[in-house]
Amino acid sequence: MLKNSVTVTSLCLSLLILGGGVLSAAEDSSILGRHSFNEAWKFHNGDVDGAEMASHDDSEWRSLDLPHDWAIEGPFDVKYNARCGGLPFHGTGWYRKTFDVPTASAGKKVLLTFDGAMYNAHVWINGHFLGNRPFGYIEFQYDVSEYVKPGESNVVAVKLAPEDLSSRWYPGAGIYRSVWIDYRNPVHVTHWGTVITTPEVDQDEASVSVSTTLDGVADGNTATVQYTVLNQDGDVVATDKVKSSAAGVTAAKLQVAKPQLWDTEEPNLYTLQTKVFVGDQVTDSVEARFGIRTIEFSKDKGFFLNGTHTRIQGVCLHHDNGPLGAIANRRAIQRKLEIMKAMGVNSVRTSHNPPSNELLELCDEMGILVQVEAFDVWKKPKVENGYNKYFEEWSERDIKDMVRRDRNHPSVFMWSIGNEILEQHSAKDGNRIAKQLNDYVKEIDTTRPTTCGFNWWPMPYKTGMAGQVDIAGMNYKPLSYGDPVNEYLPDTPVVGSETSSCTSSRGVYHLPIEKYQTHPSKQVTSYDIIGPPWAYPPDIEFDALEEHPEVLGEYMWTGFDYLGEPTPYGGKDNSTNGYWNADWPSRSSYFGAVDLCGFPKDRFYLYQSQWTSDPMVHVLPHWNWEGEGHDVIPVFAYTNCDEVELFVNGESQGRKVKGKDLTKLPIKFNNYESDHMLSKYRLSWDVPYQPGSLRVVGYVDGQAVAEKEIQTAGEPAKIELVPDRKTINADGSDLVYVTVKITDAEGNFCPLASNEVHFTVDGPGTIAAVGNGNAATTAPFIADKREAFNGLCMLIIKAGKQPGEIAIQASSEGLAKATTAVNVKKH
Ligand code: GAL
């Protein structure tokens, strides 16, 4: 148990079954293994009688490739729930795919795997009902061997039925994650059948425990499994060959000398090859990446990765990818994580559901620790048609499958059994279900601690519910770290599982700086002092964590803006069941440190100043102030340097020392005694406004090491296009994100511009979506035009499958046109 200080070691495998079998028969080897099943589906929005039958005529249905989210296509409408993005995510949708099954598959296992389907999937093959999987965030697999017809055309049909009032945020709708087909020999490694842990790790050696569960062995076959471990250079570093038990299980312990550890700076990965033999025939072959690392959680000292104290600098992230909706696109997720890393993030909480495989694979590769979360509700509903409807029947299976799927990822270091569960209020159910879920997790994985996000105080601590998990997740309770929580949990480590919940709109500044509930503009000021009653500015959490170094760290709410939950607009709080449309068109969150397009808000830099060490300095607000009430402008600087000097039109406004010169912030939130805070994390000056240049210089040891300058902009005159990458892959899913900036004739950024920009895209790519980060607009994401929001909008282009050059043109009435090009290279 992880009470007090316990060391947990784990060598993990990121479960990527890439395997093609190596078989004696040539035609076998061409089909064996895992194949993408994403292409050439048919889709119908709405219910249809008989669509599960193979003979159903779907010729009029829309053709598309997966992953797909039908709801993101819109339109936004006040008749839908702004709490869920104001998009048509509920209703029935059908998907069908007609596909040839190779003759060589006769006698083989044929497996269909869905990485996730939103929501309430019912699946048929050739008219035969395979099963129902309600939970939209879980991976599931069907063995279809008995029902497929080798050498013939086959039809898989999927009916999805996401319900209204089933989520507190935008869930998406459709087969929004990938689908796979596996052809395997009868003797093969089962789904999630490989388990790896490292019971001992030190500098000289790591022991690697591997176990494999095989299918087909019980039929009288005996099998042998050969393990090969390769390092990053492809050198073999360990091998073993073991016989399976009669039940088809093998276990081995391999030794890796001088292991290259996985950590957040150097996420070293290994590859495990598993080959299954019956006699001297290879019947299955799977490959997987893994990492070696140790994790330790101490009540008194915090979290240690490979023995090094590591503060969790975490963000909560929802699964949606902004204008792309819920579609699990690898590049979209990678970019999201890149932006978070640039802010200094070393950990992600997958609030509040199991993430995509892509997210975990990327976190393995990028060195980001992940808290994988199972549920937002148990039995007590937060919304009328939530997962509570399925909890009794499905929660054991869902949470165990979550752990089975993800247990080998080196990035995964904590399991969360729930978020702000309403059973916190019921001593009996709270304790009982928490214990039960905790036990389910431990049945599958004992190498990582469990946690749960508690937002109530002190009920779950008093009743013992919080003590049912290894780490107490405290949502929005910085004032209860230390003695208050230790009184109830003397031995249990604590993490700020959800913190701050500050709200803001990129580029919006309301003066004077004052705390308000809502603003007539349906935007929120970027001075970062506003939030719902339980929220507080980041500075409060920074202070609390400084005072309590034993707290493992924090997961701020949220890294990115997400679709739905437009707090403080449209609804009251989490207990509001119904629609949140009172402030339509506010329809997406304001909580992000970056907006829905990934453009940093000022808060991004506040966290960066706390979480990174490469010298940086940031200045706000913009410098285009005219009109009444704007004679004196509060200027804030965020920095990780010792001091900052502010210049207006070259004239110094004086230096301020970080940590010494404080900034007064008007705040008020639950249980906070004062109506303001003196922040040592922000530097500020009151500056009489004069147009021109605003420049900050950061100093370390008296040396200027960082600077940032903004200029008062003239009238919008030009468009600037900035693609995030100049070369992408011709794989049909890679993306280029083109930042679209409005500038004046001199090229100065226009911080208030709202020009509508029209796009044309020629060559091997298509517009995937557009956006601008405005949380209060009904402009569609799937379009070839977008208004700038405070000077910026975004064009997202998806690669086709042909190499070539994508030519991009942007035009807007009264502005000079802009062009750029992106190279699409052979995949
Ligand atoms: C928390 C909740 C999150 C989100 C957040 C907004 O209470 O766990 O899902 O709703 O509030 O502040």
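None of the values given here were measured: they were computed from a predicted structure.

Conventions used here
Residues numbered from 1 in each chain as written. Predicted model: local features only at pLDDT ≥ 70, side-chain atom pairs only at ≥ 80, totals over all residues. Heavy atoms only, no water. Helix = DSSP H or I, 4+ residues; strand = E, 2+ residues; numbered from the N terminus. Rg over C-alpha atoms; globule rule 2.2 N^0.38 Å. Buried < 20%, exposed > 50% of the residue type's maximum accessible area, 1.4 Å probe, protein only. Areas by Shrake-Rupley, 256 points an atom, 1.4 Å probe, with all protein chains shown as cover. Lys, Arg positive; Asp, Glu negative; His and termini not counted. Charge placed at Lys NZ, Arg CZ, Asp CG, Glu CD. Salt bridge = Lys/Arg side-chain N within 4 Å of Asp/Glu carboxyl O. Pairing = 2+ DSSP bridges. Axes fitted to C-alpha atoms, helices over the stretch in contact; angles between N-to-C directions. Near = heavy atom within 4 Å. Polar contact = N/O pair within 3.5 Å; in protein donor to acceptor, adjacent residues only side chain to side chain. UniProt positions renumbered as here; feature names shortened; annotations may be inferred. Phe/Tyr/Trp six-rings, centres within 6.5 Å; stacked < 30°, edge-to-face > 60°. Lys NZ or Arg CZ within 6 Å of the ring centre and 35° of its normal. Contact = heavy atoms within 4.5 Å. Parallel < 35°, antiparallel > 145°, perpendicular 65-115°, else oblique. Nonpolar A, V, L, I, M, F, W, Y, C, P; charged D, E, K, R; others polar. pLDDT = per-residue confidence, 0-100. Core = buried A, V, L, I, M, F, W, Y, C linked by side-chain atoms within 4.5 Å. Left-handed = near helix turned anticlockwise from the far one by under 90°.

Caption draft 1: Summary view of the overall build of the protein. On a plain count of helices and strands, the protein comes out with nine helices and 46 strands. Taken over C-alpha atoms, the radius of gyration comes to 27 Å for the protein, in line with the 28 Å a tight globule of 827 residues would show. Over its C-alpha atoms, taken along the principal directions, the protein stretches across nearly 85 × 60 × 50 Å. Counting all 827 residues of the protein, 62% fall into the buried class. Surface accessibility of the protein: about 29300 Å² in total, with carbon and sulfur atoms responsible for 47%. For the protein, the distance from the average position of its 76 positive side-chain charges to the average position of its 108 negative side-chain charges is 2 Å.

Caption draft 2: Expanded view of the pattern of salt bridges. This model, assessed by the stated rule, comprises 43 salt bridges. In this structure, Asp 284 and Arg 184 form a salt bridge, with 2.7 Å as the shortest nitrogen-oxygen distance. In this pair, Asp 284 sits in strand β18 (residues 281-298) while Arg 184 sits in strand β11 (residues 179-184), placing the two residues 100 residues apart along the sequence. Residue Arg 184 is classed as buried on the basis of its relative accessible area, which comes to 3%. Glu 338 is the partner of Arg 331 in a salt bridge, and the nearest nitrogen-oxygen pair spans 3.2 Å. Each of the salt bridges in this network shares a partner with another, and the network as a whole consists of Arg 133, Arg 397, Asp 398, Asp 401 and Arg 404.

Caption draft 3: Geometry of the sheet that holds strand β10 (residues 153-160). Pairing is antiparallel in the open sheet, where six strands are placed in the order β4-β3-β5-β10-β7-β8. Two strands close off the open sheet at either side, each with one partner strand: β4 (62-64) and β8 (128-133). Each strand of the sheet is rotated relative to its neighbour by a mean of 25°, with strand direction disregarded. Here four bridges tie strand β3 (residues 41-45) to strand β5 (residues 93-100), and the two strands are oriented antiparallel to one another. Along β5, the bridge assignment pairs Lys 42 with Arg 96.

Caption draft 4: Highlighting the site of the ligand. In the region of the ligand, 12 residues are neighbours, and His 352, Glu 420, Glu 498, Ser 501 and Glu 565 sit closest. Here an oxygen atom of the ligand sits 2.6 Å away from a polar atom, N or O, in the side chain of His 352. A distance of 2.9 Å separates an oxygen atom of the ligand from a polar side-chain atom of Glu 498. Compared with its free state, where it exposes 310 Å², the ligand has 99% of that area covered by protein.

Caption draft 5: Representation of the UniProt feature "domain: Glycosyl hydrolases family 2 sugar binding" (unreviewed entry) in the protein within the structure. Under the UniProt annotation, the feature "domain: Glycosyl hydrolases family 2 sugar binding" (unreviewed entry) is placed at residues 90-179. In residues 90-179, helix accounts for 0% and strand for 42%; the two terminal C-alpha atoms are 22 Å from one another.

Caption draft 6: Broad picture of the pairing of strand β9 (residues 140-143). Along β9, the buried face is formed by Phe 140 and Tyr 142; none of Gln 141 and Asp 143, which line the opposite face, is buried. The pairing of strand β6 (residues 109-114) with β9 spans four bridges and is classified as antiparallel. Looking at the pairing, Leu 112 lines up with Tyr 142 of β9.

Caption draft 7: Structural context of the packing of aromatic side chains. Tallied over the entire structure, the rule returns 37 aromatic pairs. Measuring from ring centre to ring centre gives 5.4 Å for Phe 542 and Tyr 607, while their planes differ by 85°; the resulting arrangement is edge-to-face. Taken together, the residues Phe 542 in helix α8 (residues 538-547) and Tyr 607 in helix α9 (residues 602-611) connect sequence positions 65 residues apart. Like Phe 542, the residue Tyr 607 is buried in the burial classification. Between Arg 695 and the ring centre of Phe 647, over which it is positioned, the NZ or CZ distance is 4.6 Å. Across the ring face of Tyr 605, the terminal group of Lys 708 is positioned such that the distance to the ring centre comes to 3.9 Å.

Caption draft 8: Spatial organisation of the sheet that holds strand β25 (residues 450-454). Strand order in the closed barrel made by the eight strands is β21-β22-β23-β24-β25-β26-β27-β28, with parallel pairing throughout. Each adjacent strand pair in this sheet contributes to an overall mean axis angle of 25°, direction not counted. Most of the contacts of helix α5 (residues 427-444) go to strand β24 (residues 412-419), to which it runs at about 155°, and overall it touches β24 and β25. Here α9 sits on the sheet in contact with β21 (312-316), β27 (494-500) and β28 (553-557), set at roughly 170° to β28.

Caption draft 9: Region of interest: unusual backbone geometry. Put simply, Trp 457 and Pro 458 share a cis peptide bond, and its omega is 0°. Along the chain, Pro 458 falls in the loop between β25 and α6 (459-462). Residues Trp 584 and Pro 585 are joined by a peptide bond in cis, for which omega reads 10°. Relative to the helices and strands, Pro 585 resides in the loop between β28 and α9. Of note in the backbone geometry, Ser 500 takes a positive phi value of approximately 70° without being a glycine. Note on placement: Ser 500 falls in strand β27. On the basis of relative accessible area, Ser 500 is assigned to the buried category, the value being 1%. One non-glycine residue, Lys 522, lies in the positive phi region at around 60°. As for its position among the elements, Lys 522 is in the loop between β27 and α8.

Caption draft 10: Region of the structure containing the UniProt feature "domain: Glycoside hydrolase family" (unreviewed entry) in the protein. With numbering aligned to this structure, UniProt lists the feature "domain: Glycoside hydrolase family" (unreviewed entry) at residues 719-820. Taken end to end, residues 719-820 comprises 0% helix and 52% strand; its first and last C-alpha atoms sit 11 Å apart.

Caption draft 11: Highlighting the side chain of Asp 561. Among the structural elements, Asp 561 can be located in the loop between β28 and α9. Side-chain polar atoms of Asp 561 contact the backbone nitrogen of Gly 592, separated by 2.6 Å. Within polar-contact distance, the side chain of Asp 561 engages the side chain of Lys 601 at 3.0 Å. Those residues in contact with Asp 561, other than ones at most four positions away along the chain, are Ser 589, Tyr 590, Phe 591, Gly 592, Val 594, Asp 595, Leu 596 and Lys 601.

Caption draft 12: Highlighting helix α3 (residues 357-366). Counting buried positions over the 10 residues of α3 gives nine, a clear majority of the element. Taken as a whole, α3 has its buried residues at Asn 357, Glu 358, Leu 359, Leu 360, Glu 361, Leu 362, Cys 363, Asp 364 and Met 366. Gly 367, located one to two residues past α3, shows a positive phi value of around 75°.

Caption draft 13: Representation of the packing of helix α2 (residues 330-343) against α9 in the model. Close contact between α2 and α9 brings their axes to 8 Å; oriented N to C, the two are set at 55°. Here α9 runs oblique to α2, going by the angle between their axes. Two secondary-structure elements touch here, α2 through Ile 339, Ala 342 and Met 343 and α9 through Phe 604, Tyr 607, Gln 608 and Trp 611. Considering only residue class, the contact of α2 with α9 consists of six nonpolar, one polar and no charged.

Caption draft 14: Region of the structure containing the confidence of the model for the protein. Overall, the predicted model of the protein reaches an average pLDDT of 94, with 96% of residues at or above 70. Note that pLDDT drops below 50 for residues 1-27; the model gives that stretch 107 contacts with residues more than four away or on any other chain.

Caption draft 15: Region of the structure containing the nonpolar core. Leu 337, Met 343 and Trp 378 are the most contacted members of the largest nonpolar core, which has 131 residues in total. For Trp 378, the residues in contact, after removing those within four places along its chain, are Asn 388, Phe 391, Ile 417, Gly 418, Ile 421, Glu 423, Gly 430, Ile 433, Ala 434, Leu 437, Cys 452 and Met 465. In terms of nonpolar packing, the next biggest core, distinct from the first, is built from 44 residues, Phe 114, Tyr 142, Val 179 and Ile 181 among them.

Caption draft 16: View of the packing of α8 against α9. Following both chains from N to C, one finds α8 and α9 inclined at 15°, their axes separated by 11 Å at the closest point. By the criterion of interaxial angle, the relationship of α8 to α9 is roughly parallel. The chirality of how α8 crosses α9 is right-handed. In contact with Pro 538, Asp 539, Phe 542 and Glu 546 of α8, α9 contributes Arg 603, Leu 606, Tyr 607, Gln 610 and Trp 611.

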